[in-house]
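Observations on the three-dimensional arrangement
As a plain string of letters, each chain reads:
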Amino acid sequence: MEKEYSVKNKIFHTQDLCLRTNLRCAESCARMEIFMSAKDTMENKITEGVIWKQLLLFFFPILVGTFFQQLYNTVDAVIVGRFVGKEALSCVSGSSGQIINLVVGFFTGLSAGATVMISQHFGAKNEEQLHKALHTAYAFAITGGIIAGVIGVVMTRMVLKWMNTPENLLPDSTLYVRIYFAGLLFIFVYNMGAAILRAIGDSKRPLYFLIICCIVNIILDLVLVLGFKMGVLGVAVATLIAQGISAVLVSVALMYHTAGLKLIPREIRIHKSVLKNMLAIGLPTGIESSMYSISNVIVQAALNGFGVDTMAAWAAFGKIDSLFWMINSAFGIAATTFVGQNFGPQRNKGMSWHGTCNCDSSECDLNVGGKIFIWHIYHRCECSGNWS
């Protein structure tokens, strides 16, 4: 009897093992079929065709998307500034805004590692490494969003006090930042998903998602702030909901509607070797991105001592200043994707052209910046009568 039971048990385990093996093989074949069909039906325009035309066609949707990203953040400040008051504006865009920019900017820099790796594997048509990079990037975004969110919620009030935030602004500033950090998971997931789509040459859908969420955010801001008189709380809740929608949209796109890529939720995990390479590329970029934010945090802490009026003025200036940086940011994203996809299949011509373009863009920045500076000095001296 015991032998019969042992034999049946072995047969059962053997059948179970075969079933699992067959399922894994079926999943691998399905992924391969998706990737192969994508190779047959999709023309990778970033690695084919006229270089400057394809780069510009890829660049402009990113630029418009970056504009909507800035609009997304500016709408909160405009609505509370006009309809609630300068104190609310200072709460949304003062110390709280600098803290948020520091954390989000650092992670955005980190995500550059995923962008580079995915663009290289996609350009080289390496399906296995592309699959690992996709799911590692998503696992990293989810893990980072949860950890950073919890730390942010706990330490918000302490950091705001370190930044000399006025006592009358502390409660609403703390409330806004804590709600924002509670939804940090959504922000990390969207930023990573959008970076992945851009890495494979799709800069249009992240733009569409941003437009949808920007409209939702504006409507909710007006309803909650003007209709329900919720003030800073209403703006924070509206932002949280809009960010959640953006994360869902980009995840659904990667799960069901992206040729050459398929996000499978149960396979989201960290592959150590892939994560190591991502961090090797992304960590320096993240630190570099955070340097600008750290300097703004220090400046904001100094300005907080001058009162609410100065804080509100600096917050308004910051929104205008961000419009300049969005152009450089958009071009950097486009260039990174372009080089990554051409590096994958070793298209040296494309990479050489990028080097020339990058130098030209730097020269253009210096040229335009110098002219603006001279124009500014000229008009100041002209007004004071000291121009000779």
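Note that the structure is a prediction, hence the values are computed from the model and not measured. Counting from 1, residues in each chain are numbered in the order their sequence is written. Whole-chain, interface and lining totals are the exception, using all residues; otherwise, since this is a predicted model, local features are given only for residues with pLDDT of at least 70 and side-chain atom pairs are given and counted only at 80 or more. For side-chain calculations, the full set of non-hydrogen atoms in the structure is used, while hydrogens and water are omitted.

1. Overview of the confidence of the model for the protein
- The predictor's confidence in any single residue is recorded as pLDDT, a number from 0 to 100. With 73% of its residues at a pLDDT of at least 70, the protein reaches an overall mean of 78.
- Any two residues having at least one pair of non-hydrogen atoms within 4.5 Å are treated as being in contact. Confidence drops under pLDDT 50 across residues 2-43; counting only partners more than four residues distant or on other chains, this segment forms 20 contacts.
- Predicted confidence for residues 347-388 stays below pLDDT 50, and this span has 25 contacts to residues more than four positions away or in other chains.

2. A closer look at the packing of aromatic side chains
- The criterion for an aromatic pair is that two Phe, Tyr or Trp rings (for Trp, the six-membered ring) have centres within 6.5 Å, with stacked assigned to planes under 30 degrees apart, edge-to-face to planes over 60 apart and tilted to the rest. For the structure shown, the criterion picks out four aromatic pairs.
- For the pair Phe107 and Phe140, a centre-to-centre distance of 6.0 Å together with 20° between the ring planes defines the contact as stacked. Here Phe140 lies in helix α5 (residues 127-162) and Phe107 lies in helix α4 (residues 95-124), a separation of 33 residues in the sequence.
- A residue is classified by how much of its surface remains accessible, and Phe107, at 3% relative accessible area, is buried.
- Ring centres of Tyr176 and Tyr180 lie 6.2 Å apart, and the angle between their planes is 40°; this geometry places the pair in the tilted category. One end of the pair, Tyr176, and the other, Tyr180, are both in helix α6 (residues 170-182), four residues apart, so they sit about a helical turn from each other. Across the pair, Tyr180 and Tyr176 agree in class, each one buried.
- Aromatic ring contacts, followed pair by pair, group Phe107, Phe140 and Phe188 into a single cluster. Counting from the N terminus, the helices are the DSSP runs of H or I reaching at least four residues and the strands are the DSSP runs of E reaching at least two. Each residue gets one of three labels from its accessible area relative to the maximum for its type: buried under 20%, exposed over 50%, partly exposed in between, using a 1.4 Å probe on protein chains only.

3. Focus: the side chain of Thr165
- On the secondary structure map, Thr165 appears in the loop between α5 and α6.
- Under the rule applied, a polar contact is a pair of N or O atoms within 3.5 Å (in protein, one hydrogen donor and one hydrogen acceptor; residues adjacent in sequence only if both atoms are side-chain atoms). Polar contacts involving the side chain of Thr165 include one to the main-chain carbonyl oxygen of Leu160, which spans 2.8 Å.

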